[in-house]
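Tertiary structure, described
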Amino acid sequence: MEQFMETFKFVMSNFGAAIMLPVLIFVVELFLRVPIAKAVKSAIYIGIGLNALISILNPFFLGLMGGAVQDMVTSTGIELPYLDTGWGILSALSYSTSIGAAIIPVGLAVNFLLLKVRLTDTLNLDIWNYWVLAFTGSLIYYQHGSYFQGLAVAVALEIALLLLADFTAPICQKFFGLPNISISHITFHGGTIVAMILRKPLELLGITKIKANSEAIRSKLGLFGDQIVVGFLVAVLIGIVAWFNRLADLETWSNILKLGVGTGAFIYLYPKATAALLEGFRTLSDRVREVLQNKGNDRTLHFGMDGALTVGHPDAITVGLLTMITTVALIFLLPGNKFLMLADLGVTPFFLAAGCAVVMKGNIIASYISTTVAVILTLYGSTIISPVFAGIAGSMGFDMADTGAAQVGADQRPLQSLFYFIGQSPVLVAIAIAVILGIMYVVKKKPAISNFILGVEEPAEEV
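This write-up is about the structure you can find in this document. The numbering scheme is per chain: residues are counted from 1 as the chain's sequence reads. Totals for whole chains, interfaces and linings use every residue, but because this is a predicted model, local features are given only for residues with pLDDT of at least 70 and side-chain atom pairs only at 80 or more, for both listing and counting. The basis for every side-chain value is the complete set of heavy atoms in the structure, and neither hydrogens nor water enter the calculation.

Turning to the nonpolar core, a few remarks are in order. In plain words, nonpolar cores are sets of buried Ala, Val, Leu, Ile, Met, Phe, Trp, Tyr and Cys residues tied together by side-chain atoms within 4.5 Å. Only protein chains enter the calculation, and the probe is 1.4 Å; a residue is then buried if its accessible area is under 20% of its type maximum, exposed if over 50%, and partly exposed in between. In this structure, I181, F281 and F419 are the most contacted members of the largest nonpolar core, which totals 110 residues. In DSSP terms, a helix is any run of H or I states spanning at least four residues, a strand is any run of E spanning at least two, and both are numbered starting from the N terminus. Examining the composition of this core, we find that 18 residues originate from one element, helix α7 (residues 147-176), more than from any other. Apart from residues lying up to four places away in sequence, F419 is in contact with T136, V153, A156, L157, A160 and I436. L330, L345, A374 and A390 belong to the second-largest nonpolar core, a separate cluster that totals 15 residues. By definition, residues are in contact when any of their heavy atoms lie within 4.5 Å.

This part covers the packing of helix α12 (residues 314-333) against helix α13 (residues 348-359). Note on geometry: axes are lines fitted to C-alpha atoms, helical ones only across the stretch in contact, with angles between N-to-C directions running from 0 to 180 degrees. It is at 8 Å that the axes of α12 and α13 come closest, and there the two elements cross at 130°. As the angle between them shows, α12 and α13 are arranged oblique. Between α12 and α13 the crossing geometry is right-handed. Where α12 abuts α13, its residues D315, A316, I317, V319, G320, L321, T323, M324 and T327 lie against P349, F350, A353, A354 and A357. In this classification, Asp, Glu, Lys and Arg are treated as charged, Ala, Val, Leu, Ile, Met, Phe, Trp, Tyr, Cys and Pro as nonpolar, and every other residue, Gly included, as polar. Among the residues making up the contact of α12 with α13, the classes are represented as ten nonpolar, three polar and one charged. Throughout this description, any angle smaller than 35 degrees is read as roughly parallel, any larger than 145 degrees as roughly antiparallel, any in the 65 to 115 degree range as roughly perpendicular, and the remainder as oblique. Crossing handedness is defined as follows: a turn of the near helix away from the far one that is anticlockwise and smaller than a right angle gives a left-handed crossing, while the clockwise case is right-handed.

Assignment of secondary structure puts R413 in the loop between β6 (407-409) and α15 (414-422). Spatially, the C-alpha atoms of R413 and Y380 are 9.4 Å apart, while their sequence positions differ by 33 residues. When residues no more than four places from it in sequence are discounted, the contact partners of R413 are T187, D344, V347, T348 and T378.

Between rings of Phe, Tyr and Trp, where Trp is taken as its six-membered ring, a pair exists when centres lie within 6.5 Å; planes separated by under 30 degrees are stacked, by over 60 edge-to-face, and by other angles tilted. Scanning all chains against the criterion turns up six aromatic pairs. Note on Y141 and Y142: the rings are 5.0 Å apart at their centroids and 50° apart in plane angle, and the pair reads as tilted. Looking at Y142, the relative accessible area reads 28%, which means it is partly exposed. Given a relative accessible area of 23%, Y141 falls into the partly exposed group. Through pairs of rings, three or more aromatic residues link up here, namely Y141, Y142 and Y147.

What follows concerns empty space enclosed by the protein. The method is simple in principle: a probe with the dimensions of a water molecule rolls over the atoms, and the space it marks as empty is what remains. A 1.4 Å probe that fits into a set of points on a 1 Å grid over the protein atoms alone but cannot get out defines a cavity; an open set with protein on both sides within 12 Å along at least five of seven lines defines a pocket, and lining residues are those with an atom within 4 Å of a point. Grid points are joined across faces, edges and corners, and a volume is the space filled by probe spheres set on the points. Enumeration over the complete set of coordinates arrives at two cavities of 30 Å³ or more. What the second largest cavity holds in volume is close to 40 Å³. Around the second largest cavity, the lining residues are W87, L90, W131, D344, D411, Q412, R413 and Q416. Partitioning the lining of the second largest cavity into residue classes produces three nonpolar, two polar and three charged.

This brings us to the environment of T378. With respect to the helices and strands, the residue T378 is situated in helix α14 (residues 364-396). Accessibility expressed as a relative area gives 0% for T378, which makes it buried. Non-local contacts of T378, meaning those with residues more than four positions away in its chain, are made with M341, T348, L352, D411, Q412, R413 and P414.

Compared with the 20 Å implied by 1.5 Å per residue over 14 residues, the 20 Å span of helix α6 (residues 131-144) between its first and last C-alpha is a close match. Looking at α6, one finds that the buried residues are W131, V132, L133, A134, F135, T136, G137, S138, L139 and I140. Phi turns positive one or two residues past the end of α6, at G145, with a value near 75°. A helix is expected to span 1.5 Å multiplied by its residue count minus one.

Within the element layout of this structure, N111 appears in helix α5 (residues 98-116). Discounting residues that sit within four places of it in the chain, N111 has contacts with T120, T122, L123, N124, E158 and L162.

Our next topic: the pattern of salt bridges. Only one rule defines a salt bridge in this text: a Lys or Arg side-chain nitrogen within 4 Å of an Asp or Glu carboxyl oxygen. In total, this model carries four salt bridges according to the counting rule given. A salt bridge links D121 to K444; the nearest nitrogen and oxygen atoms lie 2.2 Å apart. Pair noted here: D121 is in the loop between α5 and β2 (122-124) and K444 is in helix α16 (residues 426-445), with a separation of 323 residues, a long-range link. The exposure class of D121 is buried, given its relative accessible area of 15%. Here R413 and D411 are joined by a salt bridge, their closest N and O atoms 3.0 Å apart. You'll find R413 and D411 in the same group, each marked buried. Residues joined by salt bridges that share partners form a network here, namely R199, K200 and E203.

This is the structure we're talking about:
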């Protein structure tokens, strides 16, 4: 097992998920007897789409925007005890643990079993992000000394993500234009969970009924309603605030304009990258549907993917930008917060925003409120869990670099925090698994439940 994980980490670090997934899809398509020419084209298009989204556009935009907002934070001079280490370091650390060594084979086995017994319709292809399961499980393992307890909470979190992926698949496919795709990403669903809880209260207050999505705003504001123009202007404003004390420097204005143009480029190019990805997946989804129909089975499978496919939606971008600015204030003003979100400041708000936006049907006001609540939960969860992580980081293999007076911390989004707390008791873990499986079964039998929770109007019966 250890040799397998070493090989896996070596391959992933050298090739990356955006290369390995197309290779995996190519092999699967050949197994399903897709003509080799179509399989090659499909794999290439998937590779183009994934590389554009994961390796080019998202790192470019989030790094660009995150750098500006980091400068905004660090310029205040305020010190908080727990420093955000960033998801990149945490992912590498997670796969180096004993839980990380087991999570991929165990996770795949659980996914296939649930597909077999028809409790899920999602085949999770977002295998790299299994690191989140491993991280939460490893925290429990090193804290309590029980390997089984750690692995069990990781499995519980996986099952919850499969449930949420199925639960939200119809609205994600419609809202983001992603046929046959479900989102199995933990940060994205940290947003959807909060939005599902808040949707009804906000509806009763009349907020969800306000026509405030990007399309409605664009139709009323003309030039200033154009998503690319708005993205450019908001980014320029963020740059001015971040580098206010350097506005006399010509280079600063160059950086501000690069920030604006880069944001506009991201918004413009994002749908084109997504289109390439979907073009590639169409071959696989059509073949799977054909195979199932030939066997007399009309079942629809969803392919679980990273939330990166959603953050470029105009509503997600708008809400993400607004929430990122709000997060800066919350870091310093939220009572009891001790976590300095820095490395993930340009990441977390956008993934949470995408999850909230899809549940709120693009309503920017309702989505912004929900995402802000999700960020508050993230800061409090990170404040509570970071001391635990700092205490056991060395045992987990973390290189304890000199961070001055600060200690290493971990950005813990709402679902991660929830399952960390559940993982404190093996009894709670067992109950959580049983409850999630029960909900899976009930929702399969009565899909109207998910429609009610998500506010989806069922088609009227013909008379």
